[in-house]
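# Structure at a glance
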Amino acid sequence: MKNTLRLLLPFLLLVAAPAARAQVLENIWRDRIMNLQPLGGQPDTLTIVLIGDVMMHARQLDYDCRTFLEPIRSRLEAADIAIANMEFTLAGAPYSGYPAFSAPDAYADYVADCGVDVFLMANNHILDKGRTGLQRTLGKYRAMDRIRFAGAAETPQEDSLAFPLMLTAKGLRIALINTTYGTNTGDPSGWPKVHTEDKAEIAAAVRRARNLGADWIIALPHWGLEYQLKHAAGQEKMARWLHDAGVDAVIGAHPHVVQDTSHIDRMPVIYSMGNAVSNMSARNTRLELMVTLRFTKDRYRNLAMLEPGLEFLWCTLPGTLTDSYATIAVKDYIGRRDLWKDPSDYDNMTATLARVVAETGIEY
């Protein structure tokens with residue numbers, strides 16, 4: 001029937017009254033306009049999800065780590081690239097928490113199984129067990145099939161692949177530059193090496209990234225003052241320098257709390273994501289951010305970075321929501337106080353959220 005109408009259409013237009021003919025033509029063009037497909041097609045969108053400090057305090061060692069990130073597993077797995085700041089070593093037994101972290105190897109395996117693709121190593125605890133601890137950690141990460149790591153390297157040859165760390169997905173090339181303000185113990189220079197805020201080295205890494213065809217460069221600094229909801233002047237100064245050096249986005253960690261965010265020209269700055277999972281219970285330390293970066297490219301290679309997505313997370317402690325630790329997305333649990341084993345912790349979560357939002361200006 002549709003083919004018959006298509007064949008009769010020219011004849012009907014000839015014999016129809018002018019008004020009717022005009023209406024038919026209008027309908028045809030409206031249909032074509034409403035169903036028009038752009039010549040470039042829909043752009044590819046690359047999604048990068050980042051979480052903050054993955055920690056293993058002494059009390060966490062008493063629990064099965066395979067519960068810790070389960071509530072956000074689907075979000076990590078859905079990302080094209082998922083990144084976590086691994087704030088511990090794999091130095092082997094005996095395992096220990098603060099102040100000198102050494103976690104079981106299975107913990108890193110679990111985080112990877114949750115969908116994390118990149119481990120960030122440049123942090124103040126990475127030399128807690130000395131160079132031998134760092135060397136063993138690097139070896140374990142290197143042996144994991146799907147894991148890439150940034151911020152530390154055992155040799156100059158390995159460092160050339162990890163600083164910057166180049167990733168390719170959906171036709172886009174992403175460069176990651178991970179650094180720390182310093183380490184609690186040991187000398188981060190030499191080999192194995194931990195990258196610090198050495199501006200000459202960072203500038204050289206940015207140049208290498210561009211020479212290697214990076215579409216976007218993301219700086220991942222471990223910096224700032226612990227437990228402060230507002231960024232420090234030194235962080236802003238460094239962020240402005242990173243912008244001038246050619247970085248496209250800055251996503252920070254270390255303060256153990258969420259900090260305010262800003263833009264420097266078009267460069268987004270997330271000063272601190274806070275913890276991802278830990279045994280910390282000090283004021284504001286259990287609320288954290290999951291950051292989603294989205295980059296697009298159409299068939300003409302027009303590139304764009306969308307506004308970062310910020311989602312609040314909450315780390316529940318044993319006996320509050322479940323019998324173990326579990327990092328949850330706050331929005332999934334708002335209004336569901338009845339699910340808590342200890343409802344006062346729901347009240348703690350909502351009160352902390354309100355306080356941090358008021359202090360940082362981050363919307364949820």
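Definitions and cut-offs
- Residues numbered from 1 in each chain as written.
- Predicted model: local features only at pLDDT ≥ 70, side-chain atom pairs only at ≥ 80, totals over all residues.
- Heavy atoms only, no water.
- Helix = DSSP H or I, 4+ residues; strand = E, 2+ residues; numbered from the N terminus.
- Buried < 20%, exposed > 50% of the residue type's maximum accessible area, 1.4 Å probe, protein only.
- Contact = heavy atoms within 4.5 Å.
- Areas by Shrake-Rupley, 256 points an atom, 1.4 Å probe, with all protein chains shown as cover.
- Salt bridge = Lys/Arg side-chain N within 4 Å of Asp/Glu carboxyl O.
- Polar contact = N/O pair within 3.5 Å; in protein donor to acceptor, adjacent residues only side chain to side chain.
- Disulfide = S-S within 2.5 Å.
- Pairing = 2+ DSSP bridges.
- Axes fitted to C-alpha atoms, helices over the stretch in contact; angles between N-to-C directions.
- Core = buried A, V, L, I, M, F, W, Y, C linked by side-chain atoms within 4.5 Å.
- Lys, Arg positive; Asp, Glu negative; His and termini not counted.

## Describing the overall build of the protein chain
Along the backbone of the protein chain there are ten helices and 17 strands. Out of the 364 residues in the protein chain, the part that is buried amounts to 51%. Partitioning the intrachain contacts of the protein chain with sequence separation of at least 6 by distance along the chain shows that 69% fall at a separation of at least 24. Counting only carbon and sulfur atoms, one obtains 54% of the accessible surface of the protein chain, whose full area is about 16,600 Å².

## Focus: the pattern of salt bridges
Inspection of every chain in the model, using the stated rule, returns 20 salt bridges. Note that D248 is salt-bridged to R210, the shortest N-O span being 3.0 Å. Here the residue D248 occupies a position in the loop between α8 (233–245) and β10 (249–251), and R210 occupies one in helix α7 (residues 199–211), the gap between them amounting to 38 residues. What makes D248 buried here is its relative accessible area of 16%.

## With respect to the side chain of T327
Here T327 is to be found in strand β17 (residues 326–329). Of the polar contacts made by the side chain of T327, one reaches the backbone oxygen of A276; its length is 2.7 Å. The contacts of T327, once residues within four sequence positions are left out, are F68, L69, P71, I72, A276, V277, E288, L313, W314 and C315.

## Notes on the state of the cysteines
The final tally for this structure, using the stated rule, is zero disulfides. With no disulfide partner, C65 has as its closest neighbouring cysteine sulfur the one in C114, 8.6 Å distant.

## So, the sheet that holds strand β7 (residues 172–180)
Across the sheet, six strands lie side by side as β6-β7-β9-β10-β12-β11; this open sheet has mixed pairing. Sheet topology places β6 (165–169) and β11 (261–264) at the edges, where each strand pairs with a single neighbour. Neighbour-to-neighbour, the strand axes of this sheet turn through a mean angle of 20 degrees, independent of strand direction. As judged from the seven bridges shared by β7 and strand β9 (residues 216–222), these two strands associate in the parallel manner. By the bridge assignment for β9, T179 is matched with P221.

## Concerning the nonpolar core
Grouped together as the largest cluster of nonpolar side chains are 47 residues, with contacts concentrated most on V54, Y107, F119 and Y141. Looking at this core, the elements that each hand over two or more residues are β1 (44–54), β2 (81–86), α4 (105–113), α5 (130–142), β13 (275–277) and β16 (309–316). It is α4 that contributes the most residues to this core, five residues altogether.

## Observations concerning the side chain of D159
Note that D159 resides in helix α6 (residues 156–162). Within the buried core, D159 has no salt-bridge partner, and the shortest N-O distance to an opposite charge, that of K193, equals 5.0 Å. What D159 contacts, discounting residues up to four positions off in sequence, is A153, W191 and H195.

## Description of the environment of A79
Relative to the elements of secondary structure, A79 occurs in the loop between α3 (73–78) and β2. Here A79 falls in the buried class, since its relative accessible area comes to 12%. Considered as a pair, A79 and L50 are 29 residues apart in the sequence and their alpha carbons are 9.4 Å apart. Here A79 is in contact with T47 and V49, once residues within four sequence places are set aside.

## Describing the environment of R355
The residue R355 is located in helix α10 (residues 343–360) in this model. Accessibility expressed as a relative area gives 23% for R355, which makes it partly exposed. Spatially, the C-alpha atoms of R355 and L229 are 10.0 Å apart, while their sequence positions differ by 126 residues. Apart from the residues lying within four places of it in its own chain, the contact partners of R355 are R283 and N284. A polar side-chain atom of R355 sits 2.9 Å from a polar atom in the side chain of N284.

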